[in-house]
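Breakdown of the fold
Each chain is listed here by its residues.
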Amino acid sequence: MARQGTYYLARVSKMGALTPELIVQALLSPSPVVMFGNAWSFVDAKEYETGGTKYVVGRLVKYRPDAEVIVVDPARRTDFVQQEPNLRIASSPFVYIPSLAGVAFLRVAGQIEEWHFTERFARIIEETHLLVECELNLIADLKSFSAKLSNLSGIYRIATKIRLPNPCFSPIWKSLRDYIKMRRSGQMVLREDSKSTEPLNTNLPQLVARAAAQPENEPFVPNEEVPIGDAAVLMAADGYGTGHIKGVRDGVVVMIRTTDTNRNFSFDKDPIAEELFVITFEIFENIRNERHLEH
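Looking at the side chain of Asn38
- With respect to the helices and strands, the residue Asn38 is situated in strand 3 (residues 38-50).
- A polar atom in the side chain of Asn38 sits 3.5 Å from the side chain of Arg64.

Here it is, written out as structure tokens:
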């Protein structure tokens, strides 16, 4: 029986001259990056096409450029240090689907955590193609996110960093998407703090709950335009940025991040390329349908 691991879902945000084609080029022929003594790169990346959809499957590897290992010599009853350059430490399979701006990747406990993968993936793209910006943002599990927010007695801070979405958007935060697009802005940073002991005037928990419980054939369309701060959180939760909320639960101040509750699934740690694509594409389509995302 194949060993199972946890795969996470993220969306790729592009800025500058970065295009899906350039991302594919970087995956196939990357420039490694070195951070804190470890090197990172993509290996075994290949481009495929299934059902008319192109995708790339490969592995993000973490390795030690100047590694040493201790080798035993049984005949002499001793051991000695041997140079072992580019010793692999960990490997995370992934699939990139350009048409969805989507990535699914394996979490390797203690070696390639979620934040490791998203940060290193983007850094390699930027190192390979200079003067471009790349960012991966995890997709929140709206039901879990909603459950955390529902227990708050008040919200005292909302902070987000969001990027212009492409290709999908949600009708719930469409007005914010249109505003960013109209301003020709690639990124927006927003922070709201209550000015007193009173909480912010926000219906964010209710909005997230409605967004998480949309019937398949009946999208949630608010009666009024969603306030910019609330819309930004929902946009970040859909994988187009990051956000955190400071609130009070049972008299204790707590911090809730969109990255605390990430959408994931179980799959083979050593996957067959087409099978990893098929399950990832299906899950992204389910997310699009559940959240009624539009092109």
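Some remarks on the pairing of strand 8 (residues 102-106)
- Within strand 8, five of the five residues are buried, which leaves it mostly tucked inside the rest of the structure.
- Residues of strand 8 alternate between two faces, with Gly102, Ala104 and Leu106 on one and Val103 and Phe105 on the opposite face, all of them buried.
- Across five bridges, the pairing between strand 1 (residues 4-16) and strand 8 is antiparallel. Note that in strand 8 the partner of Tyr8 across the bridge is Phe105.
- Of the pairings in the sheet, the one linking strand 7 (residues 87-97) to strand 8 comprises four bridges and is antiparallel in character.

Some remarks on the packing of aromatic side chains
- Taken as a whole and assessed by the stated rule, the structure comprises 13 aromatic pairs.
- Measuring from ring centre to ring centre gives 5.5 Å for Tyr7 and Phe265, while their planes differ by 15 degrees; the resulting arrangement is stacked. With Tyr7 in strand 1 and Phe265 in strand 14 (residues 264-268), this pair connects stretches of sequence that are 258 residues apart. In this pair, the class of Tyr7 matches that of Phe265, namely buried.
- Among the aromatic side chains, those forming a connected cluster through ring pairs are Tyr8, Phe42, Phe94, Phe105, Phe117 and Phe121.

A few points about empty space enclosed by the protein
- The final tally for this structure, using the stated rule, is two cavities of 30 Å³ or more.
- One number sums up the size of the largest cavity: a volume of about 60 Å³.
- Its residues assigned to classes, the lining of the largest cavity comprises five nonpolar, two polar and two charged.
- Approximately 50 Å³ is the volume attributed to the second largest cavity.
- Its residues assigned to classes, the lining of the second largest cavity comprises four nonpolar, no polar and three charged.

Regarding helix 5 (residues 204-212)
- Those residues of helix 5 that sit buried are Leu204, Pro205, Leu207, Val208, Ala211 and Ala212. Looking down the long axis of helix 5, one finds its buried residues gathered within 165 degrees of arc, a one-sided arrangement.
- Lining the buried residues of helix 5 we find helix 3 (142-150), strand 10 (154-163), helix 6 (228-240) and strand 12 (241-249).

Structural notes on the pattern of salt bridges
- Scanning all chains against the criterion turns up 15 salt bridges.
- When the shortest N-O distance is used, the salt bridge between Asp44 and Arg59 registers 2.2 Å. Separated by 15 residues along the polypeptide, Asp44 in strand 3 and Arg59 in strand 4 (residues 53-64) bring together distant segments of the chain.
- Close ionic contact of Glu290 with Arg263 constitutes a salt bridge, the shortest N to O distance being 3.3 Å. Here Glu290 is found in helix 7 (residues 273-291), whereas its partner Arg263 is found in the loop between strand 13 (252-257) and strand 14, with 27 residues between them in sequence.
- Residue Arg263 is classed as buried on the basis of its relative accessible area, which comes to 18%.

Observations regarding the sheet that holds strand 13
- Sheet architecture is open: four strands sit in the order 11-10-12-13, paired in antiparallel fashion. Among the strands making up the open sheet, the edge pair consists of strand 11 (187-193) and strand 13. When strand polarity is set aside, the average angle formed by the axes of neighbouring strands in this sheet is 10 degrees.
- In this structure, strand 10 lies alongside strand 12, joined through eight bridges in antiparallel fashion. Looking at the pairing, Gly154 lines up with Val248 of strand 12.
- Sheet strands in contact with helix 3 are strand 12 and strand 13, and its direction is about 165 degrees off that of strand 13.
- Relative to strand 10, helix 6 is tilted by about 55 degrees, and along the sheet it contacts strand 10, strand 11 and strand 12.

Topic: the layout of surface pockets
- Roughly 310 Å³ of internal volume is contained in the largest pocket.
- Lining the largest pocket we find 16 residues, and of these Thr118, Glu119, Glu135, Leu136 and Asn137 sit closest to its centre.
- Of all the secondary-structure elements, those providing two or more residues to the lining of the largest pocket are helix 2 (114-128), strand 9 (132-138) and strand 10.
- Per-class residue counts for the lining of the largest pocket are five nonpolar, four polar and seven charged.

Some points on the packing of helix 5 against helix 6
- The N-to-C vectors of helix 5 and helix 6 enclose an angle of 40 degrees; their axes lie 10 Å apart at closest approach. By the angle between their axes, helix 5 is oblique relative to helix 6. For the pair helix 5 and helix 6, the crossing hand works out as right-handed. Between helix 5, through Leu204, Leu207, Val208 and Ala211, and helix 6, the contact on the second element is made entirely by Asp230, Val233 and Leu234.
- Taken together, the residues of the contact of helix 5 with helix 6 sort by class into six nonpolar, no polar and one charged.

Definitions and cut-offs
- Residues numbered from 1 in each chain as written.
- Predicted model: local features only at pLDDT ≥ 70, side-chain atom pairs only at ≥ 80, totals over all residues.
- Heavy atoms only, no water.
- Helix = DSSP H or I, 4+ residues; strand = E, 2+ residues; numbered from the N terminus.
- Polar contact = N/O pair within 3.5 Å; in protein donor to acceptor, adjacent residues only side chain to side chain.
- Buried < 20%, exposed > 50% of the residue type's maximum accessible area, 1.4 Å probe, protein only.
- Pairing = 2+ DSSP bridges.
- Phe/Tyr/Trp six-rings, centres within 6.5 Å; stacked < 30°, edge-to-face > 60°.
- 1 Å grid on protein atoms, 1.4 Å probe; cavity = no way out; pocket = protein on both sides within 12 Å on 5 of 7 lines; lining within 4 Å.
- Points joined across faces, edges and corners; volume = space filled by probe spheres on them.
- Nonpolar A, V, L, I, M, F, W, Y, C, P; charged D, E, K, R; others polar.
- Arc of directions from axis to C-beta.
- Contact = heavy atoms within 4.5 Å.
- Salt bridge = Lys/Arg side-chain N within 4 Å of Asp/Glu carboxyl O.
- Axes fitted to C-alpha atoms, helices over the stretch in contact; angles between N-to-C directions.
- Parallel < 35°, antiparallel > 145°, perpendicular 65-115°, else oblique.
- Left-handed = near helix turned anticlockwise from the far one by under 90°.

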